[in-house]
Amino acid sequence: MQFDSTDLTLLKHIQSDGRISNSKLAEKVNLSETPCWRRWKKLEDEGYIDQYRAVLNRKKLGFNVVGFTQITLSSHEEENTDLFEQFVAQTDWIPLCHCVTGTFDFLVQVVARDLDEYYERIHQLRRVQGVSALHSSVSVKEIKNSSLLPLD
């Protein structure tokens, strides 16, 4: 799909405010409501918009600790990676996980209510079959937390 500046502007506004009304969006991108809705629907149908969600306030919900843990597996056999990836997929206190290149295999973000709970969660990660090493860092200040993509 070829994007024009209107499509990119639509995506910018939608990713910033998933609850924006079609009429408000049409106004912001200088379209009438029907063509705006058609473009929006096409972007959804083509898979450029995966989902809509609310961003919850982590601290108000009591999750005061965020840590980043580097995970090294004992081997890269499919069984080890599959088990680890299944554990991550089923674990709600891991909101983010990336398989990475370099000196370790995975980088996971862990959220917890306090340091005791964080320790317990790291201990659970350590017990996943195939995990051979962990290196954790606890965030002391969040500078930026965004899922917005640069659409310029």
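**Looking at the pairing of strand β3 (residues 106–112)**
Piece 1. For β3, the tally of buried residues reaches six of seven residues, placing the bulk of the element in the interior.
Piece 2. Sheet topology note: the strand β2 (residues 96–99)/β3 ladder contains four bridges and is antiparallel. Considered in β3, the bridge of C97 is made with V108.
Piece 3. If you look at the hairpin formed by β2 and β3, you'll find six residues sitting between the two strands, and G102 has a positive phi there, around 115 degrees.

**Overview of the nonpolar core**
Piece 1. Ranked by size, the top nonpolar core spans 19 residues in total, and within it I71, F84, V108, V110, L125 and V131 carry the most contacts.
Piece 2. Secondary structure elements with two or more residues in this core: β1 (65–73), α4 (78–89), β3, α5 (115–126) and β4 (131–138).
Piece 3. Sort the elements by how many residues they give to this core and β3 lands first, with five residues.
Piece 4. Residues contacting V131, with those up to four places away along its chain left out, are I71, T72, L73, F84, L125 and R126.

**Structural notes on the pattern of salt bridges**
Piece 1. Applying the stated criterion to the full structure yields six salt bridges.
Piece 2. Notably, a salt bridge pairs D4 with R39, separated by 2.9 Å at the nearest N-O pair. Pair noted here: D4 is in the segment before α1 (5–16) and R39 is in helix α3 (residues 33–45), with a separation of 35 residues, a long-range link.
Piece 3. On the basis of relative accessible area, D4 is assigned to the partly exposed category, the value being 33%.

**Description of the environment of A89**
Piece 1. The topology assignment puts A89 in helix α4.
Piece 2. Classification of A89 by relative accessible area gives exposed; the value is 68%.

**Overview of the packing of aromatic side chains**
Piece 1. Scanning the entire structure with this criterion turns up four aromatic pairs.
Piece 2. Considering the side-chain rings of F87 and W93, the 6.1 Å spacing of their centres and the 70 degrees angle between planes classify their relative orientation as edge-to-face.
Piece 3. The exposure class of W93 is buried, given its relative accessible area of 8%.
Piece 4. Taking NZ or CZ as reference, R113 lies 4.3 Å from the ring centre of F63, over its face.

**Focus: α5**
Piece 1. Between its first and last C-alpha atoms α5 spans 16 Å; for 12 residues at 1.5 Å apiece the expected length is 16 Å, and the two agree.
Piece 2. Within α5, the full set of buried residues consists of Y118, R121, I122 and L125. With its buried residues spanning 100 degrees around the axis, α5 presents them on a single face.
Piece 3. Packing partners of the buried residues in α5 comprise β1, α4, β3 and β4.

Cut-off values and rules
Residues numbered from 1 in each chain as written. Predicted model: local features only at pLDDT ≥ 70, side-chain atom pairs only at ≥ 80, totals over all residues. Heavy atoms only, no water. Buried < 20%, exposed > 50% of the residue type's maximum accessible area, 1.4 Å probe, protein only. Helix = DSSP H or I, 4+ residues; strand = E, 2+ residues; numbered from the N terminus. Pairing = 2+ DSSP bridges. Core = buried A, V, L, I, M, F, W, Y, C linked by side-chain atoms within 4.5 Å. Contact = heavy atoms within 4.5 Å. Salt bridge = Lys/Arg side-chain N within 4 Å of Asp/Glu carboxyl O. Phe/Tyr/Trp six-rings, centres within 6.5 Å; stacked < 30°, edge-to-face > 60°. Lys NZ or Arg CZ within 6 Å of the ring centre and 35° of its normal. Expected span 1.5 Å × (residues − 1). Arc of directions from axis to C-beta.

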